[in-house]
Amino acid sequence: MSLPTYPSYPSPARFGLLARLLHWLMAIGILAMLFIGVGMVASVSERHQWLIQIHKPLGVALLALACIRLGTRLYKGVPALPAAMPGWQRHAALASHILLYALMFAMPLIGWAMVSAGGYPVMAGGWQLPPIAPADAAWFAWLRGAHRYLAFLLFATVLLHLGAALFHGWIRRDGVLESMTRGR
């Protein structure tokens, strides 16, 4: 007895304009968030409050963009990787994308929960978002540590992603980088 087959949808030849726009908006936003986060923990001046006022709504915006981006990816698909790409690189690409998407959702949700546990409001565009965790000092401390260590993991994963993109663009020249930069 054979396993049932499911319809397969053809991969697009290239990333569409929306996918590329979301990718680059999120890349800028994520890098900004990482540097703002470093600035927040390194400062006790009035700049600290200013950075927090940027960090919270930008985190909410990145969470919303991540939802749109995942929906676009699931609906439109992604270009197939080059046939000549070794299997281990295919697996590494899949694993790194899964990790990036997990972190794109986990970081803002953990940040929101952390702020909620600290009893602070999360404002986005003039709207106060509801708390998603009970106010609790121990929970706040645990979430703060998780947010911090996941930020290090996100930074390392972004560097790995950037390195792989440059490797494909400058060394292999196999069209992987161009699919996200020029849509070819």
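Sequence order as written defines residue numbering, which begins from 1 separately in each chain. Local features in this predicted model are restricted to residues of pLDDT 70 or higher, and side-chain atom pairs are both shown and tallied only at a pLDDT of 80 or more, whereas totals for entire chains, interfaces and linings draw on every residue. Think of the side-chain values as coming from all heavy atoms in the structure, minus any hydrogens and water.

Caption draft 1: Inspection of the overall build of the chain at higher detail. Secondary structure elements follow DSSP: runs of H or I of four or more residues count as helices, runs of E of two or more count as strands, with numbering from the N terminus. When its secondary structure is counted, the chain shows 5 helices and 2 strands. The helix and strand sequence of the chain, counted from the amino end, reads α-α-α-β-β-α-α. Taken over the C-alpha atoms alone, the chain extends approximately 55 × 45 × 30 Å along its principal axes. Relative accessibility decides the category of a residue: with a 1.4 Å probe and only protein chains considered, values under 20% of the type maximum give buried, values over 50% give exposed, and everything between is partly exposed. Taking all 184 residues of the chain together, 34% fall into the buried category. If you take every contact in the chain between residues at least 6 apart in sequence, the share linking residues at least 24 apart comes to 69%. In this analysis, two residues are considered to be in contact whenever any of their non-hydrogen atoms come within 4.5 Å of each other.

Caption draft 2: Region of interest: the pattern of salt bridges. We define a salt bridge as a contact between a side-chain nitrogen of Lys or Arg and a carboxyl oxygen of Asp or Glu at a distance within 4 Å. This structure, assessed with the given rule, holds 1 salt bridge. The salt bridge partner of Asp-174 is Arg-172, with a shortest N-O separation of 3.1 Å. By relative accessible area, Asp-174 is classed as partly exposed at 21%.

Caption draft 3: Looking closely at the environment of Ile-68. Locating Ile-68 in the fold gives a position in helix α2 (residues 46–76). The sequence separation of Ile-68 and Ile-171 amounts to 103 residues, and the corresponding C-alpha distance is 32 Å.

Caption draft 4: Representation of the packing of helix α1 (residues 17–42) against helix α4 (residues 137–172) in the model. Here α1 crosses α4 at 135°, and the two axes come no closer than 11 Å. In terms of orientation, α1 and α4 fall into the oblique class. Between α1 and α4 lies a crossing of left-handed hand. Counted together, His-23, Ile-30, Leu-31 and Leu-34 of α1 and Ala-151, Leu-154, Phe-155, Val-158 and His-161 of α4 form the full contact between these two elements. Between N-to-C directions, angles span 0 to 180 degrees; the directions come from axes that are lines fitted to C-alpha atoms, helices contributing only their stretch in contact. Any angle from 65 to 115 degrees is called roughly perpendicular, while one under 35 is roughly parallel, one over 145 is roughly antiparallel, and all others are oblique. We call a crossing left-handed when the near helix sits turned anticlockwise from the far one by less than a right angle, and right-handed when that turn is clockwise.

Caption draft 5: Examining the UniProt feature "transmembrane region" (unreviewed entry) in the chain more closely. UniProt positions are given in the numbering used here, feature names are shortened, and annotations may be inferred rather than shown by experiment. UniProt records the feature "transmembrane region" (unreviewed entry) at residues 21–44, 92–115 and 149–171, using the numbering of this structure. Between the end C-alpha atoms of residues 21–44 there is a gap of 35 Å, over a span that is 92% helix and 0% strand.

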